[in-house]
Structure formats: C-alpha cells, structure tokens
Protein chains: 2
Amino acid sequence: MNTSKKMETLKSYIESKGLKSTAQRDYIADTFFKSNTHISLEELLKKVKRKTPNIGYATVYRTMKLLTEGGLAISRQFGDGQTRYENLPEYGHHDHIICVKCSKIAEFQNQKIEELQSETAKKLGFTVINHKLELYGYCSGCA
Amino acid sequence: MNTSKKMETLKSYIESKGLKSTAQRDYIADTFFKSNTHISLEELLKKVKRKTPNIGYATVYRTMKLLTEGGLAISRQFGDGQTRYENLPEYGHHDHIICVKCSKIAEFQNQKIEELQSETAKKLGFTVINHKLELYGYCSGCA
DNA sequence: TGTTATTATGATAATAACTTTCATTTTCAA
DNA sequence: TTGAAAATGAAAGTTATTATCATAATAACA
Ligand SMILES: [Mn+2]
Ligand SMILES: [Mn+2]
Ligand SMILES: [Zn+2]
Ligand SMILES: [Zn+2]
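Residues numbered from 1 in each chain as written. Chains lettered and ligands numbered in written order. Predicted model: local features only at pLDDT ≥ 70, side-chain atom pairs only at ≥ 80, totals over all residues. Heavy atoms only, no water.

A. Highlighting the packing of helix 2 (residues 23-34) of chain B against helix 4 (residues 57-69) of chain B. Residue and element names in this part refer to chain B. Across the interface, helix 2 lies against helix 4 with an axial gap of 10 Å and an inter-helix angle of 65 degrees. Taken as axis vectors, helix 2 and helix 4 run roughly perpendicular relative to one another. When you trace helix 2 past helix 4, the crossing you get is right-handed. Residues Gln24, Arg25, Ile28, Ala29, Phe32 and Phe33 of helix 2 form the contact with helix 4, whose participating residues are Thr59, Val60, Thr63, Met64, Leu66 and Leu67. Looking at the contact of helix 2 with helix 4, its residues break down into eight nonpolar, three polar and one charged. (Axes fitted to C-alpha atoms, helices over the stretch in contact; angles between N-to-C directions. Helix = DSSP H or I, 4+ residues; strand = E, 2+ residues; numbered from the N terminus. Parallel < 35°, antiparallel > 145°, perpendicular 65-115°, else oblique. Left-handed = near helix turned anticlockwise from the far one by under 90°. Contact = heavy atoms within 4.5 Å. Nonpolar A, V, L, I, M, F, W, Y, C, P; charged D, E, K, R; others polar.)

And the structure:
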C-alpha cells in the first residue's frame, strides 16, 4: 500500500471514529508512512519538527497510537526500552534480528517457524493470537 | 541445581568479585531460588518482607541484578512492563507462551525452531547469541 | 580482639518513557 | 456564521527502574 492510499485509509478511519482531521496529524502520518525504519517517537518528532517546529511530542504520540489502533502502524518493543513503530509490511508478517553492537535490524519471514509455533501452542492447549520472535547477535559487519 | 548448590555458587561469585556477604542478600537469594515462578521484584520483595520486614526494595533489586550477572537468574520481559526473574531451567533453554487473559505462562522447548532460527540468521549474515520467542494467546481455560 | 577500609543497606531522589490533564485553538455540521 | 466537539501543546502525572547518600555491617589485618 502506498502513502497516498494509506492517507485515504487513515481518513476513512478518522471519519468512522467521528474524529476531526488536522494538519498536524496528516503531516505526522505522512512523515511516518514515508519512513522505512523502525522509528521511535523521538526520531519521528525530530523529523516532523524540521518542517513544523511547533508540533508537540504529545501529538506525535497520539497520532502513532491512532495509527496503531487503526492498523496502519505496528508498534515494536526491542530491547532498548523505547517503543518503535514500523509501517505495514508489504508481504505479510515478519520477525526481526537485531545486531547487539550496531543496532542494525534485519527482517525475515519463516513459514516453518510459524507453523511450529502453532503446533507447539496447540500441544499446550493454547491458541496463539500473536507472537514475538527476536534474534539478537552480530551482523556481518560487527561479527 | 538445588538451592544449596546455588547458594554455594553465589558465595563463590561474591568472593570472586571481592564483595561481602550479608544476611539480606542471602535471604533474598534463597527466597528467589525457592520460588518457581516468573517473579517480579515487587512480588519477591513481598515474600522477603514476610520474614524480614525491614528489607528494602533497592536491596532486592541489587540482589537480583547480581544473580543475573552471576548467571544464577534469568531476567525476562513479557508484555506487562515489569521485569520478571526466573531460576535457571533444569533442562536447558526454554521459551514461553502467555495467556493474554489470565496471564498464565507455559514453557516449551522446540529444538527444530531453534535450528531454524540459526539457519535464518546465518542466511542474513548474522550470528545469534540469544533470542526471544514469546507466543501470546488463550490458554485452555480462557479460550 | 579492636581498628578501619571497603562494601552493603534502606530511604529517598532521580531518570526516562509513556500517558494524562487542561487551557486554548481548531474543525465542521447545522 | 456559530457553537459543540475534538485536537493541540505545554506541563504535570505515572510507573518501573536506577542512582545517591548517610549510616550500618563486614572482614582483612594489626
Ligand atoms: Mn520490521
Ligand atoms: Mn520460564
Ligand atoms: Zn552490527
Ligand atoms: Zn488463560
């Protein structure tokens, strides 16, 4: 889904919730949609402030909360104590591998792992609704 | 490893670091070693205070930090914003599945998943040193 | 066994990320 | 155009964690 399509989806979501549209929210969302990292609120705020210096942290916070609720952003907690947000992946769910030295994050998909997770859960009488799989180690550059 | 063996290991670790032994630390460690849950600092403090009401949160915090550094405790962060500690597993590494309704935690081991993780990492040029796998869902009682 | 340097303790303060509050501004349906 | 409802931004509140500091306990050694 491209940025403009996402902006439309956001617009619909806002309408459906009886909310009002604002320039700040639009700009924050647009900036986020155009980012391709796992971005923290501070980082996003910094980006946004380059064009709109008077925007507040709280607005960025609330916008990302809204996007997450609306299914337009995914929040992630890696080990660093900060929530990070990423755009919806183009091709379904993915997990992460993080370099403990340079913090580089690589993404991967492994259908077999996903299946084994479900199986394992089933054996224990659980039904999985989501999961968190993070590998930590050294990337090729830091090994 | 049983509790007394762990206490000995702790004693060695303390000596090797040039630290001093104290009744508080011993009692906190012993209490932790005898617990078989994924226990938070608050919970551990509560237990400890039953016999030694004047023990402080900071001492429990520092003791668990010490145990973790010394390899006698594992710290875990599940989704609830609190660090939890667990004893060394009797039979190697395990991962967790957590009920989102009642917070029940089940443990599992799956060698195949572990292997697939290493493989996946290797393909991306990473060397894995640790990982985090948590499944979230409904337990049999909450389904 | 006393002395004393070093470490530990517990109360309290500081930190940091997140979340809420509130006075003011903005939006938008009527 | 108007006014009720929502949004904003600054500031305050929250919560778990970590640090500080005055005092107490430990232990090497004279
Ligand atoms: Mn990702
Ligand atoms: Mn466990
Ligand atoms: Zn790296
Ligand atoms: Zn349950």
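B. Fine view of the coordination of the zinc ion (ligand 4). Cys99(B) (SG), Cys102(B) (SG), Cys139(B) (SG) and Cys142(B) (SG) make up the full set of protein donors to the zinc ion (ligand 4), lying at 2.1 to 2.4 Å. With four donor atoms in place around the zinc ion (ligand 4) and angles of 99 to 116 degrees between them, the coordination shape is tetrahedral. (Donors = N, O, S within 2.8 Å, 3.2 Å for Na, K, Ca; no water. Tetrahedral: all angles 85-135°; square planar, octahedral: opposite > 155°, others 65-115°.)

C. Main features of the coordination of the manganese ion (ligand 1). All names here are of chain A. Every protein donor of the manganese ion (ligand 1) is listed here as His38 (NE2), Glu86 (OE), Glu86 (OE), His94 (NE2), His96 (NE2) and Glu107 (OE), and their distances to the metal cover 2.0 to 2.7 Å. Coordination geometry of the manganese ion (ligand 1): the six donor atoms subtend angles of 52 to 170 degrees at the metal centre, consistent with an arrangement described as irregular. The sequence pattern describing where the donors of the manganese ion (ligand 1) fall on their chain is H-x47-E-x7-H-x1-H-x10-E. Each member of the pair, His94 together with His96, is buried. (Buried < 20%, exposed > 50% of the residue type's maximum accessible area, 1.4 Å probe, protein only.)

D. Focus on the pattern of salt bridges. In total, this model carries ten salt bridges over all chains according to the counting rule given. For Glu134(B), the salt bridge identified is with Lys132(B), shortest N-O distance 3.7 Å. Take Glu134(B): its relative accessible area is 4%, and that puts it in the buried class. By relative accessible area, Lys132(B) is classed as buried at 18%. Sharing partners across several salt bridges, the network here consists of Glu43(A), Asp80(A) and Arg84(A). (Salt bridge = Lys/Arg side-chain N within 4 Å of Asp/Glu carboxyl O.)

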